[in-house]
Amino acid sequence: MEEILTKRVKGNSAADASQAKEYTEKLKSSIKQQTDFLLSEEEDKKIRTDDIFTSVTIQRGPKHFQEPKEKRFGRRQLDEVQASSKKLVDCSEMFLCPENDDQKSTASCTTNPKSILLTGKAGIGKSLFCRKLARDWSHGRLFEEGQENAKVPDFQFVFSLTFRQFVLPEEKLNLCEILNRSSLLNEHSVIDESLLQYMIENPEKLLIILDGYDEYKQRQKITGDFETRYPNDPDEKIPVP
């Protein structure tokens, strides 16, 4: 992997910090515009995203959610799940390394989670939650201003993609082309090779949100042998699973 990145650095120059900052403002502006209202087929029934409240229960660690025997997931089942879960004061806490958590000791926790899985029944609000994450970031509300925690991630780029966009038979894409398919981008926030290189050199500043995994019909391919069949190279065009 280091050899691949070294070759890439020599062949492609990265955008500088000022160019990256300028792009971040364009990206935030695009996300604000694209997420202002909920998607609706009826134009006269637009609802502002900021007027919607989402409530989620977050579990850390290898705990498995037990499907209730009853078809309806009611108040009692929800209370049972919440009783065995750690309540977060703010959704931004899910990006932080847990401290004093009974599922993971502080001593063994040295880095923030690199991936987060959000699960729930259809229609419960997973897509809306992902949409609000991107919107809160664009407005500077994802993390509290002046939050005194050295572990708080400093996301400079946020891209939201849906698995529906990956139903692309016979088409091969590289990382730049995949990110540019985000529905939250406009003509002013398309990334180029220099910006992509900056993101690769600063991966801790990049947040990618993937929505709709349960609707993806090729899920078995994701857990297949793609990692061994194709190089770990962002420039390489590979088939979308």
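Residues numbered from 1 in each chain as written. Predicted model: local features only at pLDDT ≥ 70, side-chain atom pairs only at ≥ 80, totals over all residues. Heavy atoms only, no water.

A.B. asks: Can you walk me through the nonpolar core in this structure?
C.D. replies: Soluble, globular proteins show a tendency: their nonpolar side chains are buried together. Grouped together as the largest cluster of nonpolar side chains are 36 residues, with contacts concentrated most on Tyr23, Phe95, Phe155, Phe157, Phe159, Ile191 and Met199. Contributing elements (two or more residues each) for this core: helix 2 (17-34), helix 4 (126-138), strand 1 (157-162), helix 5 (175-179), helix 6 (193-201) and strand 3 (206-211). Setting aside residues up to four positions removed in sequence, Phe155 forms contacts with Phe95, Trp137, Leu142, Phe143, Glu204, Lys205, Leu206 and Leu207. (Core = buried A, V, L, I, M, F, W, Y, C linked by side-chain atoms within 4.5 Å. Buried < 20%, exposed > 50% of the residue type's maximum accessible area, 1.4 Å probe, protein only. Helix = DSSP H or I, 4+ residues; strand = E, 2+ residues; numbered from the N terminus. Contact = heavy atoms within 4.5 Å.)

A.B. asks: How should the environment of Glu144 be read in this particular structure?
C.D. replies: By the element assignment, Glu144 lies in the loop between helix 4 and strand 1. The exposure class assigned to Glu144 is exposed, which follows from its relative accessible area of 52%. Sequence separation between Glu144 and Ser92 is 52 residues; the distance between their C-alpha atoms is 8.4 Å.

A.B. asks: I'm lost on helix 4 in this one. Help?
C.D. replies: Relative to the 18 Å expected for 13 residues at 1.5 Å per residue, helix 4 spans 19 Å between its end C-alpha atoms, a close match to the ideal helical length. Contacts from the buried residues of helix 4 go to helix 2, strand 1 and strand 3. Directly beyond the C-terminal end of helix 4, a positive phi value near 75° is found at Gly140. (Expected span 1.5 Å × (residues − 1).)

A.B. asks: Whenever I open this one, the packing of helix 2 against helix 4 confuses me. Can you help?
C.D. replies: Geometry of a packed helix pair, given as the angle between the helix axes and the separation of the axes. Packing of helix 2 against helix 4 leaves a shortest axis separation of 9 Å and a crossing angle of 130°. Relative to helix 4, the element helix 2 lies oblique. As for the relative orientation of helix 2 and helix 4, their crossing is left-handed in sense. Of the residues in helix 4, those touching helix 2 at Thr24, Leu27, Lys28, Ile31, Lys32 and Gln34 are Arg131, Ala134, Arg135, Trp137 and Ser138. The class makeup of the residues in the contact of helix 2 with helix 4 is 4 nonpolar, 3 polar and 4 charged. (Axes fitted to C-alpha atoms, helices over the stretch in contact; angles between N-to-C directions. Parallel < 35°, antiparallel > 145°, perpendicular 65-115°, else oblique. Left-handed = near helix turned anticlockwise from the far one by under 90°. Nonpolar A, V, L, I, M, F, W, Y, C, P; charged D, E, K, R; others polar.)

A.B. asks: Is there a simple way to think about the pairing of strand 1 in this case?
C.D. replies: Consecutive side chains along a regular strand alternate between the two faces of the sheet. Along strand 1, 5 of the 6 residues are buried, which leaves the element largely enclosed by surrounding structure. The pairing of strand 1 with strand 3 spans 6 bridges and is classified as parallel. Bridge assignment links Leu161 to a residue of strand 3, and that residue is Leu210. (Pairing = 2+ DSSP bridges.)

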